[in-house]
Amino acid sequence: MTATSPSSNSLLRKINLISSKQRPFRVAVLGQNGVGKSALTVRFITRRFIGDYDPLLERVYTCHRIINNSTVDFEIWDTAGTNEHSKLREHIRWADGILLMYDVTDRCSFNECSRLKFLINAHSRRSRRKSGSDPDSEITTGVPVALVANKKDREQDRMVLTGEGVARSLELNCISFHELSVRENVDEVLDVLEEFYITCRNMRKYRSMTLSKISLIPDKITNGGGTVGSSSEDDGDESGGKSLRVKGRTGGFSGGEEDNVSRNEMIRRAKSRRREAFFTIS
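In what follows, the accompanying structure is described.

Parameters at a glance
Residues numbered from 1 in each chain as written. Predicted model: local features only at pLDDT ≥ 70, side-chain atom pairs only at ≥ 80, totals over all residues. Heavy atoms only, no water. Helix = DSSP H or I, 4+ residues; strand = E, 2+ residues; numbered from the N terminus. Contact = heavy atoms within 4.5 Å. Core = buried A, V, L, I, M, F, W, Y, C linked by side-chain atoms within 4.5 Å. Buried < 20%, exposed > 50% of the residue type's maximum accessible area, 1.4 Å probe, protein only. Arc of directions from axis to C-beta. Phe/Tyr/Trp six-rings, centres within 6.5 Å; stacked < 30°, edge-to-face > 60°. Lys NZ or Arg CZ within 6 Å of the ring centre and 35° of its normal. Pairing = 2+ DSSP bridges. Axes fitted to C-alpha atoms, helices over the stretch in contact; angles between N-to-C directions.

**Points about the side chain of S124**
- Looking at where S124 falls in the secondary structure, it is placed in helix 4 (residues 107–131).
- The residues touching S124, leaving out its near neighbours within four places in the chain, are G142 and V143.

In structure tokens, the structure reads:
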């Protein structure tokens, strides 16, 4: 039996407390006024439905949820419907994920989601260009976006069909699509945000692993007793280390031939193996 001093116990508690803390999952909810952004946010946090809100009021809500036996801290930015360009950039930089929301009884709100996604993509490309990453690479892509259709309970007033929502989410490269009624079903609201968190978390892990693998790829790869990272003089490669040479790798690109594969090609092939986005219709 070993004795532990009070100071050691206190230090261990502090270490455990620090290690248990994690960065909150930040979600920005974007869309036109009146689509139900505030109602969805408050419904998720309190399980209550409140129909009337100040359309010019922005607020960040915080809450805790148990997901897969782990505590997750949510921060949800309920944005105003003005969506000014400068304000939108702030939302994108702040968020870990974005919900684009529209009203199935309002086609203008549906079309607004396309405009917002275009601006989000443009901001992501600029950010990647500034960081020195490939602006067209989806491995280092920006914030994940999901498309959410609200007010499906108002079927008699519907202007946007479910199939149109699914097609638009594919067209905009959203990671998921949900159609729900914030007023009628709280479980649908919970499912949207909890599944969004799980998907974003998995994407973040995959992206981190993929970028790590790419960064570990040497300038040259040879097989069958060859050297790794050999000089350009030894292999007759005059590209100055700008390409990869893959020779006879198991499961590689060619059985017995040498292939010069550019770094962008390696990124493209790794990107093509990404997990397919799921689309759910609640």
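**Observations regarding the nonpolar core**
- Of all hydrophobic cores here, the largest spans 28 residues; its most connected members are F25, L40, F44, F74, L99 and F196.
- At the level of secondary structure, the elements contributing two or more residues to this core comprise strand 1 (25–30), helix 2 (37–46), strand 2 (59–67), strand 3 (70–78), strand 4 (97–103), strand 5 (145–150) and helix 6 (186–216).
- Top contributing element to this core by residue count: helix 6, with nine residues.
- Those residues in contact with F196 that sit more than four places away from it in its chain are F25, V27, G97, I98, L99, P144, V145, A146, I175 and D191.
- Counting 24 residues, the second largest nonpolar core, distinct from the first, contains L30, L88, V160 and L172.

**Quick word on helix 3 (residues 85–94)**
- Residues of helix 3 that are buried include every one of L88, H91, I92 and W94, and no others. Buried residues of helix 3 fall within an arc of 170° about the axis and therefore sit on the same side.

**A closer look at the packing of aromatic side chains**
- By the definition in use, this model includes seven aromatic pairs.
- An aromatic cluster of three or more residues is present, and its members are F25, F44, F74, F196 and Y197.
- Sitting above the plane of the F44 ring, R65 keeps its charged end 4.7 Å from the centroid.

**A look at the sheet that holds strand 1**
- The strand order across the open sheet formed by six strands is 2-3-1-4-5-6, and the pairing between neighbours is mixed. Lying at the two open borders of the sheet, with one neighbouring strand each, are strand 2 and strand 6 (176–179). Going from strand to strand, the sheet's axes swing by 25° on average, the running direction of each strand aside.

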